[in-house]
Amino acid sequence: MDSRDKSVRLWKSFSFALTGIKTALWTERNMRIHLFVSIVVIGCAIFFSISKVEWLFVIAAIGGILSLELLNTAIERVVDLITEEYHPLAKQAKDLAAGAVFVYAIMAVVIGIIIFLPHVLRWVI
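Just so it is clear, the model here is predicted, and its values are computed rather than measured.

Here the focus is the nonpolar core. By size, the foremost hydrophobic cluster in this structure holds 16 residues, and its most contacted members are Ile 50, Val 58, Ile 65, Leu 66, Ile 115 and Phe 116. At the level of secondary structure, the elements contributing two or more residues to this core comprise α2 (29-48), α3 (52-82) and α4 (88-124). Examining the composition of this core, we find that six residues originate from one element, α4, more than from any other. Sequence-distant contacts of Leu 66, defined by excluding residues within four places in its chain, comprise Met 31, His 34, Leu 35 and Ser 38.

One pass over the full model with this rule turns up three salt bridges. For Lys 94, the salt bridge identified is with Asp 80, shortest N-O distance 2.5 Å. Linking Lys 94 in helix α4 with Asp 80 in helix α3, this pair joins segments that are 14 residues apart in sequence. According to the relative accessible area criterion, Lys 94 is partly exposed, its value standing at 25%.

Volume-wise, the largest pocket comes out at about 350 Å³. Taken together, 17 residues make up the lining of the largest pocket; nearest its centre are Val 37, Val 41, Ala 105, Ala 108 and Val 109. Broken down by secondary-structure element, the contributors of at least two residues to the lining of the largest pocket are α2, α3 and α4. Per-element accounting of the lining of the largest pocket gives the leading share, seven residues, to α4. Looking at the lining of the largest pocket residue by residue, the classes come out as 14 nonpolar, three polar and no charged.

How each quantity is defined
- Just so you know, the residues in each chain are numbered from 1, in the order the chain's sequence is written.
- pLDDT decides what is reported in this predicted model: residues at 70 or higher carry local features, side-chain atom pairs at 80 or more are listed and counted, and totals for whole chains, interfaces and linings draw on all residues regardless.
- To obtain the side-chain values, all non-hydrogen atoms of the structure were used and water was disregarded.
- Residues belong to one nonpolar core when they are buried, are Ala, Val, Leu, Ile, Met, Phe, Trp, Tyr or Cys, and are joined through side-chain atoms within 4.5 Å.
- Partly exposed residues are those whose accessible area sits between 20% and 50% of the maximum for their type, while under 20% is buried and over 50% is exposed, using a 1.4 Å probe and protein chains only.
- Helix and strand assignments follow DSSP, with helices taken as H or I runs no shorter than four residues and strands as E runs no shorter than two, numbered in order from the N terminus.
- Throughout, a contact is declared for two residues whenever any of their heavy atoms are within 4.5 Å.
- Put simply, a salt bridge is a Lys or Arg side-chain nitrogen that is within 4 Å of an Asp or Glu carboxyl oxygen.
- In this analysis a 1.4 Å probe is tested at points of a 1 Å grid over the protein atoms alone, and where it fits but cannot get out there is a cavity; an open set with protein on both sides within 12 Å along at least five of seven lines is a pocket; lining residues have an atom within 4 Å of a point.
- Grid points are joined across faces, edges and corners, and a volume is the space filled by probe spheres set on the points.
- Polar here means any residue outside two lists: the nonpolar Ala, Val, Leu, Ile, Met, Phe, Trp, Tyr, Cys and Pro, and the charged Asp, Glu, Lys and Arg; Gly therefore counts as polar.

The structure is reproduced here in structure tokens:
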């Protein structure tokens, strides 16, 4: 396989990934909510001129929550593909994936409070 073929395959893999993100944004309400909140947080970060270290935590929180939401959606789709009937293990798989998103979302909120509360207080006072 020559380098041109490898480049085409690489670009196709990027295309597939972008299609997955687009699909999640069009079909998953929670993904749209996370994206909207992320945009608001980025706006606040710019407004308050947060430090580089604070930016690193904000980016990690946003990237983590969006990634986990994509994984949660993928798990839900696979479970739905395997069985249309109710099965306790299928429910557990979906609940566990949703729980992972929820735990990370709580962590992201805590990160947001730690980073933005001092900035808000300085701005208000």
